[in-house]
Amino acid sequence: MMFPAIPLFPAAPDAQRWRRPFPGTPDQAAAVRRFTTMLLSGCPVLDDILLTVDELVVNALRHTRSGRPGGIFTVELAHWEGAVAVAVTDEGASSEPAVTDAADDVESGRGLRTVSLLAAGWGWFGNDRSRTVAALFAATAEPLCEAA
Ligand SMILES: Nc1ncnc2c1ncn2[C@@H]1O[C@H](COP(=O)(O)OP(=O)(O)O)[C@@H](O)[C@H]1O
Ligand SMILES: [Mg+2]
């Protein structure tokens, strides 16, 4: 099994970080939700984070090599004062993540639009061999989530 190289995504140096690889099968979306809920329980924006991670995982499964037999993807969470970052690293595709115009196609193109509306920011890096799509949930004066 090839594990994609996991580049670091932006987070404070003292952030708590977790990373876990998952097999690239559809049932793993639920496993990712459990993983995320366990680590970020008590976080007031947990629902938004869960929706976002779900969209990123479904994209990794549907649009990249991670969803092929033997494929994997990796989920990373980082939590520091006032912020949570989530990232999903896949095994690459010829397409690039992009918010598409929902009016073009009512059946698709909503996932990253939803992410862009829920998160303070989102973006991706990588290439057709592996991409990391990350979203940031921001920064409040108070700690965003209780320490996990
Ligand atoms: N991880 C990814 N790697 C490569 N392309 C992606 C990835 N995620 C999304 N895309 C591309 O961006 C498009 C928009 O994604 P999204 O808004 O989630 O809509 P949908 O998944 O319904 O097509 C996808 O159709 C796909 O072409
Ligand atoms: Mg999608």
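Up top is the structure these notes are about.
Read on for an overview of the structure. (Residues numbered from 1 in each chain as written. Chains lettered and ligands numbered in written order. Predicted model: local features only at pLDDT ≥ 70, side-chain atom pairs only at ≥ 80, totals over all residues. Heavy atoms only, no water.)

1. As for the sheet that holds strand E2 (residues 72-80)
The strands making up a sheet associate through backbone hydrogen bonding, with each pair oriented either parallel or antiparallel.
In step 1: Read across the open sheet, the five strands follow the order E1-E2-E3-E5-E4; overall the sheet is antiparallel. Each having just a single partner strand, strand E1 (16-23) and strand E4 (121-127) make up the two edges of the open sheet. Across the sheet, the mean angle from the axis of one strand to that of its neighbour is 15°, orientation sign disregarded.
In step 2: Relative to strand E5 (residues 130-137), E4 runs antiparallel, the two being bridged by seven bridges. Following the sheet pairing, Trp124 is matched in E5 by Val133.
In step 3: Those strands touched by helix H1 (residues 28-40) are E1, E2 and strand E3 (83-89), and its axis lies near 165° from that of E1. (Pairing = 2+ DSSP bridges. Helix = DSSP H or I, 4+ residues; strand = E, 2+ residues; numbered from the N terminus. Axes fitted to C-alpha atoms, helices over the stretch in contact; angles between N-to-C directions. Contact = heavy atoms within 4.5 Å.)

2. Side note on helix H3 (residues 111-118)
In step 1: The set of residues buried in H3 consists of Gly111, Leu112 and Val115. In a view along the axis of H3, the buried residues occupy a sector of 90°, so they form one face of it.
In step 2: Those residues of H3 that are buried are in contact with helix H2 (46-63), E4 and E5. (Buried < 20%, exposed > 50% of the residue type's maximum accessible area, 1.4 Å probe, protein only. Arc of directions from axis to C-beta.)

3. Digging into the site of ligand 1
In step 1: With respect to spatial proximity, 14 residues lie near ligand 1, and among them Asn59, His63, Asp90, Ser95 and Leu112 are the closest.
In step 2: Separating an oxygen atom of ligand 1 from a backbone N or O atom of Ala98 is a distance of 3.4 Å.
In step 3: For the shell around ligand 1, the secondary-structure elements that each account for two or more residues are H2 and H3.
In step 4: Considered class by class, the residues forming the shell around ligand 1 number four nonpolar, seven polar and three charged. (Near = heavy atom within 4 Å. Polar contact = N/O pair within 3.5 Å; in protein donor to acceptor, adjacent residues only side chain to side chain. Nonpolar A, V, L, I, M, F, W, Y, C, P; charged D, E, K, R; others polar.)

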